[in-house]
Structure formats: C-alpha cells, structure tokens
Amino acid sequence: MAGLSALSNTITRPEPPQDAPVLPRVELDGRLIAVSNRVARPSGTTSPGGLAQALGEALKARGGTWVGWSGQLVASREAVELDLEMDDDVVYALLDLFDADFQGYYEGYANGVLWPIFHGRPDLSVHDAADFEAYKAINRAFAEAVARMAGPEDTIWVHDYQLLMLGEMLREAGVSTTIGLFLHIPFPYNDVFRTIPEAEEIARALVKFDTIGVQTTRDARNLAECLAGMGEGTVHRRGKAFEAHVFGEHVRVVPLPIGIDVAGIQRLLRVPPSSDVVDFSRGLAGRRSLIGVDRLDYSKGLPQKLQAFHQFLTEDPSRARDVVLTQIAPISRGSVKAYEKTRREVEAIAGCIAGMFTSLTCSPLNFLTRPVERGTIAHLMARSDVALVTPIADGMNLVAKEYVAVQNPRNPGVLVLSEFAGAAEAMTDALLVNPHDTDALSEAIERALSMPLGERRDRHAALMDVVRDTDIARWSEACLAELSAVKA
Ligand code: GDG
C-alpha cells in the first residue's frame with residue numbers, strides 16, 4: 001500500500017457550478033396532479049429518500065398539485081380530511097389516513113412484501129393476506145381524494161410501489177383522464193414477481209395505467225414481459241418502450257431514468273461548509289477520504305461494503321492510517337423486522353472494523369446512523385476521493401449522481417458503483433463491481449484510490465454527461481412528454 005500515503009490529498013474546492021440550461025416545457029392541457037405516499041411539504045421536515053427529493057424538485061420547477069399522506073393517522077374513516085397548503089406554484093393536498101389500515105398498508109404490504117420482492121429478496125417477504133386488504137383500502141382512500149379533484153384535462157402522475165392499485169381504482173371511480181405510474185424501484189423477473197400471492201390482481205391493476213415509467217431498460221422488459229406472461233398477452237418493442245397488450249388493455253412501459261437537480265446540489269457548495277466539515281477536513285491530515293451515503297436498508301449492500309472495507313484493511317493494516325471511510329446510514333423503517341436485522345449486522349461489522357483498526361490517534365471508519373444535513377453531505381462528497389455505492393439492488397441510486405455532480409472536474413474523485421444499481425446501466429465509466437464479490441470490491445477500492453489523474457478526469461467527464469442528460473428537469477419533462485403523448 002505504499003502508493004496510498006504517497007498520493008497527494010485531493011481535497012480541493014470544486015469549481016463554480018454552472019446552472020442547467022432552461023429546457024422547453026411540455027405543455028399540458030390541464031393541471032398536473034402528482035400522487036405519492038409521502039410529500040416533501042415546504043413546512044415539514046423531509047426524511048432522507050430519493051423519491052421525495054426528486055419529485056419535490058420536479059414539481060417546484062413546473063407547478064401542480066401534489067397529493068400525499070399528511071402524516072396524520074385518524075381513528076375512523078369518517079374523520080379522514082384533505083388539507084390544502086400552497087407554496088409558490090405547488091398545491092400540497094394532504095390526506096389523513098385511517099389508522100387501522102396504515103400499518104398493514106405501509107409496513108405490512110408495501111415494505112414487508114413488495115419492497116423485498118421487487119428487490120429480488122422474496123426470502124425477506126412476510127406475507128399476511130390482511131395486509132393486502134389494508135393496502136387496497138389505503139389505495140382506495142387515495143383514489144377517492146384524487147377523483148374528487150381531477151378534471152378531464154388533468155394529467156395524473158402516480159408514484160411508486162405503495163400505490164400500484166391506484167390506476168384501476170381511479171378508473172373505477174370514473175376518472176377518464178391520462179394516468180401514469182412511475183416505479184422508482186426495480187421490477188423483478190417474472191418468477192420472482194409471481195411469488196406474491198396477489199401477483200395476478202396487481203398485474204390486472206397495473207395494466208389500467210396508460211403508461212408506466214421505470215428506471216432502466218431491464219425493468220421495462222421485466223415488467224412488460226411479466227404482465228404479458230401472466231395474461232397470455234403480447235409484448236412489442238417500440239423504440240425504447242415496451243408495449244404490452246394483455247387483459248384486454250394496452251400499457252406502455254418506458255425506461256425513464258431519474259436524475260438529480262444538478263445545479264441545486266452544486267449550489268449547496270456555494271454555502272460555506274459547517275464547522276463539522278471544516279474540522280473533518282482538517283482531521284484528515286493527508287488521509288484519503290471515502291464516502292458512502294445510504295439509507296440503512298438491506299437493498300443498499302451495506303454489509304457487503306463494510307465487509308470489503310474490512311478485507312481491504314486486513315490485507316494491509318497500515319491502510320488504516322491512510323484512509324477513512326465515512327458511512328452515513330440513517331436508520332430507515334426501523335420497525336420492520338428485516339431492517340432491524342440488517343442494522344444489527346451492519347453495526348457488528350462496523351464494530352469489528354473499529355475494534356481491529358482504530359488506534360489511539362485515528363480510526364478508519366466514521367459510521368453515522370443519524371441523518372446528516374444535505375449541505376454537509378454535499379461538502380463531504382466534494383471532499384472525498386472515492387464514493388462507494390454498492391447496492392445489491394436499486395431502482396436508480398441518486399447518491400451515485402450526486403457524488404459525480406459535486407466533484408471538481410480538474411481533480412475529480414472516483415465512483416465505485418454496483419452493477420446492480422439502475423444507475424449502472426448508463427454510468428458505465430464508474431468502476432463497476434459486483435458487491436457480493438468481496439475480493440473484487442476490495443480491489444476496486446484500491447484501484448479507485450490509486451487511479452491516475454488523467455483517467456479520473458476522463459471517467460468523470462463521461463459520467464457528468466450522463467448526470468446532465470438525466471437532470472431532474474429533463475427527467476420530469478420526459479415523463480410528462482410520455483403522458484401527454486397518451487392524449488394525442
Ligand atoms: C428510491 C429508490 C431511486 C441519504 N441519507 C441522507 C440523505 N440522503 C439522500 C441522498 C439521496 C437520497 O437520500 C437517497 O436516494 P437513493 O436514490 O439513493 O435511494 P432511495 O431512498 O432508496 O430512493 C432509488 C430513488 O427512489 C429515486 O427514484 O434512485 O433507487 O430506492 O438524495 O443524498 N439526505 C439527507 N440526510 C441523510 O442522512 N439530508
């Protein structure tokens with residue numbers, strides 16, 4: 001590891017950001033009504049998460065109505081209210097949910113069955129038929145609220161796995177306008193999807209959407225073929241889209257990779273860093289910085305990442321004085337059993353690394369399970385030589401794009417990226433790794449740390465093109481273009 005300490009420390013101030021060019025807007029006839037379980041309301045504190053982050057930016061940019069859960073649970077269905085909040089051009093329509101259904105809907109079915117199965121982990125699914133009834137009841141509550149406000153010219157844009165039944169329920173409620181779904185998480189292979197006892201009921205509901213946007217071509221193919229396979233239908237490829245004719249319906253499944261607000265994250269670097277970041281930079285004292293930012297979720301590959309980092313240090317314990325990995329891992333869905341288990345597993349490996357490699361004067365691992373302020377994350381990313389983004393399955397992974405966006409193009413860091421992140425489909429100039437291969441991941445860390453400047457610059461320039469191409473404004477315009485094409 002002689003090379004490591006000999007390399008110059010790459011902590012540099014990123015170059016001044018360039019604002020993204022203004023894009024032509026897709027004109028919609030009526031209003032845009034976005035619907036998601038959670039809403040990033042201006043008055044509230046948003047928990048870390050890619051969907052709220054992305055949708056918030058998209059709606060702020062063009063205006064519209066955002067329907068989502070108010071955060072309030074009520075004791076009877078009759079007490080459910082819909083509150084309206086205005087902020088600039090966005091109306092937040094906040095729906096209370098019925099307490100007795102909420103747990104079955106959210107922890108039980110959405111996060112206990114759909115999340116693990118869609119991430120290829122049917123072994124972690126905990127199925128209870130009553131949870132599906134609760135899931136449908138909450139989807140119906142959303143459908144009733146949206147049906148009350150939707151006009152015939154409006155465009156309804158539903159988000160994610162919590163609301164898969166909404167297209168069908170809106171049609172049942174008499175809504176005839178365009179309804180699209182964007183699925184932020186991967187869609188699994190047919191055999192995995194069919195492990196859900198209600199797979200056919202869900203498939204029949206999915207075909208009621210006009211268009212379904214997904215993160216990658218692989219997801220689009222999986223979804224269209226799965227739907228067609230379940231109903232003995234057909235799939236045709238039309239350009240990048242897959243069109244399924246099945247259950248007497250026609251649904252278009254389109255890869256629409258999501259991105260980030262590039263100018264927005266770069267603007268965070270114009271605000272001086274907090275004293276914590278300044279102290280952190282000072283404390284590095286020539287050590288190289290690696291960063292990871294992942295909700296504490298089994299899909300994010302945290303045990304695999306820490307295991308590989310442990311191996312990297314074990315191969316040459318002197319590395320523990322040359323590098324520091326800052327892993328931000330805010331606890332997420334802490335009351336779901338599989339998450340508790342992942343947390344214990346991750347904490348055990350982190351404890352093992354700390355125990356084996358921390359000296360009286362330095363530690364190679366900063367492991368944080370509390371959420372960190374967004375500006376701090378941006379500054380830490382900008383000051384890190386390497387980002388480790390190693391999910392075992394991920395719809396896209398915005399962290400990979402955020403890291404690239406805040407690098408100094410003259411002296412950029414290196415992105416180590418799991419080949420199982422949706423981001424890997426286009427970000428092929430990252431160091432792509434299989435996170436289950438501990439040796440390969442440990443080697444990728446070393447290769448990233450010793451990559452020559454010329455190669456770092458070339459890879460970064462290519463990655464930055466991908467990040468700009470999928471900027472959040474472009475993504476939302478591309479989604480809305482798909483939706484408006486349905487009406488044409
Ligand atoms: C879902 C899909 C898809 C993380 N920790 C903190 C924090 N974060 C921010 C990150 C990033 C976001 O949360 C996480 O986005 P990801 O894309 O990585 O992952 P998910 O939350 O699983 O998002 C995913 C996404 O939806 C969008 O479609 O990419 O595949 O699973 O922005 O920076 N933010 C703050 N403190 C933290 O501690 N402030």
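Fair warning: this is a prediction, and the values are worked out from it, not measured in the lab.

1. So, the overall build of the protein chain
Here comes step 1: On a plain count of helices and strands, the protein chain comes out with 17 helices and 16 strands.
Here comes step 2: At 23 Å, the protein chain has a C-alpha radius of gyration in line with the 23 Å of a compact globule built from 488 residues.
Here comes step 3: Based on the C-alpha atoms only, the size of the protein chain along its principal axes is roughly 70 × 45 × 45 Å.
Here comes step 4: Looking at the protein chain residue by residue over its 488 residues, the buried ones come to 56%.
Here comes step 5: In the protein chain, the proportion of contacts linking residues at least 24 apart, taken out of those at least 6 apart, comes to 77%.
Here comes step 6: Carbon and sulfur atoms form 50% of the exposed surface of the protein chain, whose accessible area is close to 19700 Å².
Here comes step 7: Looking at charge distribution, the protein chain has the averaged site of its 49 positive side-chain charges lying 4 Å from that of its 65 negative ones.

2. A look at helix α12 (residues 337–357)
Here comes step 1: The end-to-end C-alpha distance of α12, which contains 21 residues, comes to 30 Å, matching closely the 30 Å that a straight helix rising 1.5 Å per residue would cover.
Here comes step 2: For α12, every residue scored as buried is listed here: Ala338, Tyr339, Thr342, Val346, Ile349, Ala350, Ile353 and Phe357. Here the buried residues of α12 occupy an arc of 100° about the axis, which is enough to place them on one side. When the buried face of α12 is taken as reference, the exposed residues oriented beyond 90 degrees from it are Lys337, Lys341, Arg344 and Gly355.
Here comes step 3: Looking at the buried side of α12, the elements it contacts are α3 (99–118), α11 (302–315) and β13 (365–368).

3. Focus on the site of the ligand
Here comes step 1: Close to the ligand lie 24 residues; His184, Val372, Asp394, Leu398 and Glu402 are nearest.
Here comes step 2: Interatomic distance of 2.8 Å between a side-chain N/O atom of Arg295 and an oxygen atom of the ligand.
Here comes step 3: Asn397 is positioned with one of its backbone polar atoms (N or O) 2.9 Å from an oxygen atom of the ligand.
Here comes step 4: In isolation the ligand has 730 Å² of accessible area, and contact with the protein removes 94% of it.
Here comes step 5: When contributions to the shell around the ligand are tallied by element, the ones reaching two or more residues are α2 (50–62), α13 (374–382) and α14 (398–405).
Here comes step 6: Broken down by element, the shell around the ligand gets its largest block of residues, 3 residues, from α14.
Here comes step 7: Among the residues making up the shell around the ligand, the classes are represented as 13 nonpolar, 6 polar and 5 charged.

4. A word on the domain arrangement of the protein chain
Here comes step 1: When cut into domains, the protein chain gives domain 1 (5–16 + 262–470) and domain 2 (32–259 + 473–487).
Here comes step 2: Relative placement of domain 1 and domain 2: their C-alpha centres are 31 Å apart.
Here comes step 3: Each partner contributes residues to the interface: domain 1 has 25 residues there, and domain 2 has 24 residues.
Here comes step 4: Counting each side, the surface lost to burial between domain 1 and domain 2 is near 2000 Å², with a carbon and sulfur contribution of 60%.
Here comes step 5: Between domain 1 and domain 2 we count 8 residue pairs in polar contact (both at pLDDT 80 or more) in total.

5. Some thoughts on the nonpolar core
Here comes step 1: With 66 residues, the main nonpolar core has Val35, Phe118, Phe142, Ile196 and Ile202 as its most contacted residues.
Here comes step 2: A per-element tally of this core places α3 first, with 10 residues.
Here comes step 3: Of the residues that make up this core, three or more belong to each of domain 1 (5–16 + 262–470) and domain 2 (32–259 + 473–487).
Here comes step 4: With 61 residues, the next largest nonpolar core counts Ala40, Leu55, Ile328 and Ile472 among its residues.

6. Regarding the sheet that holds strand β12 (residues 323–328)
Here comes step 1: Across the sheet, which stays open at both edges, the 6 strands sit in the order β13-β12-β11-β14-β15-β16 with parallel pairing between neighbours. The open sheet has two edge strands with one neighbour each: β13 and β16 (431–433). Mean inter-strand twist for the sheet, computed between neighbouring axes without regard to direction, equals 15°.
Here comes step 2: As defined by bridge partners, strand β15 (residues 414–418) adjoins β16 across 3 bridges and the pair is classed as parallel. Paired with Ser418 across the bridge in β16 is Val433.
Here comes step 3: The strands touched by α14 are β11 (288–293), β14 (386–389) and β15; relative to β15, the strand with the most contacts, the crossing angle is about 170°.
Here comes step 4: Packing against the sheet, helix α15 (residues 438–449) makes contact with β11, β12, β14, β15 and β16, and its axis sits at approximately 170° to β16.

7. A short note on the packing of aromatic side chains
Here comes step 1: Counted under the stated rule, the structure contains 17 aromatic pairs.
Here comes step 2: Residues Tyr105 and Tyr106 carry aromatic rings whose centres are separated by 6.3 Å and whose planes lie at 45° to one another, so their mutual orientation is tilted.
Here comes step 3: Connected via pairs of aromatic rings, a cluster forms that spans Trp69, Phe102, Tyr105, Tyr106, Tyr109, Phe132 and Tyr135.
Here comes step 4: A cation sits over an aromatic face here: Arg319 above Phe312, 4.1 Å from the ring centre.
Here comes step 5: In this arrangement the basic side chain of Arg333 is found over the ring face of Trp115, its NZ or CZ atom lying 4.2 Å from the centre.

8. Description of the pattern of salt bridges
Side chains that differ in charge, positive against negative, can pair when their charged atoms come close.
Here comes step 1: Applying the stated criterion across every chain yields a total of 23 salt bridges.
Here comes step 2: By sharing partners, the salt bridges in this structure join Arg238, Glu243, Arg252 and Glu482 into a single network.

9. Thoughts on the pairing of strand β3 (residues 82–87)
Looking along a regular strand, one sees side chains alternate from face to face of the sheet.
Here comes step 1: The pairing of β3 with strand β4 (residues 90–98) spans 6 bridges and is classified as antiparallel. Bridging from a neighbouring strand, Asp87 pairs with Val90 of β4.
Here comes step 2: Counting the residues between successive antiparallel strands, the hairpin from β3 to β4 contains 2 residues, one of them, Asp88, with a positive phi of roughly 50°.

10. Quick look at the side chain of Asp131
Here comes step 1: Counting through the fold element by element, Asp131 comes out in helix α4 (residues 129–149).
Here comes step 2: Setting aside its immediate chain neighbours within four residues, Asp131 contacts Gly104, Tyr105, Gly108 and Tyr109.

11. With respect to a negative patch on the surface
Here comes step 1: There is a patch of like negative charges on the surface, built from Glu419, Asp437, Asp439 and Glu443.
Here comes step 2: Tracing the backbone shows Asp439 in helix α15.
Here comes step 3: By relative accessible area, which is 43% here, Asp439 ends up partly exposed.

12. Here we look at the sheet that holds strand β9 (residues 241–246)
Here comes step 1: Here 10 strands make up an open sheet; going across it, the order is β3-β4-β2-β1-β5-β6-β7-β10-β9-β8 and the pairing mixed. Among the strands making up the open sheet, the edge pair consists of β3 and β8 (234–238). When strand polarity is set aside, the average angle formed by the axes of neighbouring strands in this sheet is 25°.
Here comes step 2: One ladder, built from 5 bridges, connects β8 with β9; its direction is antiparallel.

What counts and how
Residues numbered from 1 in each chain as written. Predicted model: local features only at pLDDT ≥ 70, side-chain atom pairs only at ≥ 80, totals over all residues. Heavy atoms only, no water. Helix = DSSP H or I, 4+ residues; strand = E, 2+ residues; numbered from the N terminus. Rg over C-alpha atoms; globule rule 2.2 N^0.38 Å. Buried < 20%, exposed > 50% of the residue type's maximum accessible area, 1.4 Å probe, protein only. Contact = heavy atoms within 4.5 Å. Areas by Shrake-Rupley, 256 points an atom, 1.4 Å probe, with all protein chains shown as cover. Lys, Arg positive; Asp, Glu negative; His and termini not counted. Charge placed at Lys NZ, Arg CZ, Asp CG, Glu CD. Expected span 1.5 Å × (residues − 1). Arc of directions from axis to C-beta. Near = heavy atom within 4 Å. Polar contact = N/O pair within 3.5 Å; in protein donor to acceptor, adjacent residues only side chain to side chain. Nonpolar A, V, L, I, M, F, W, Y, C, P; charged D, E, K, R; others polar. Domains from an automatic or database assignment. Buried area = accessible area lost by both parts, 1.4 Å probe. Core = buried A, V, L, I, M, F, W, Y, C linked by side-chain atoms within 4.5 Å. Pairing = 2+ DSSP bridges. Axes fitted to C-alpha atoms, helices over the stretch in contact; angles between N-to-C directions. Phe/Tyr/Trp six-rings, centres within 6.5 Å; stacked < 30°, edge-to-face > 60°. Lys NZ or Arg CZ within 6 Å of the ring centre and 35° of its normal. Salt bridge = Lys/Arg side-chain N within 4 Å of Asp/Glu carboxyl O. Patch = residues over 30% accessible without salt bridge, like charges linked within 9 Å, V, L, I, M, F, W, Y side chains within 5 Å.

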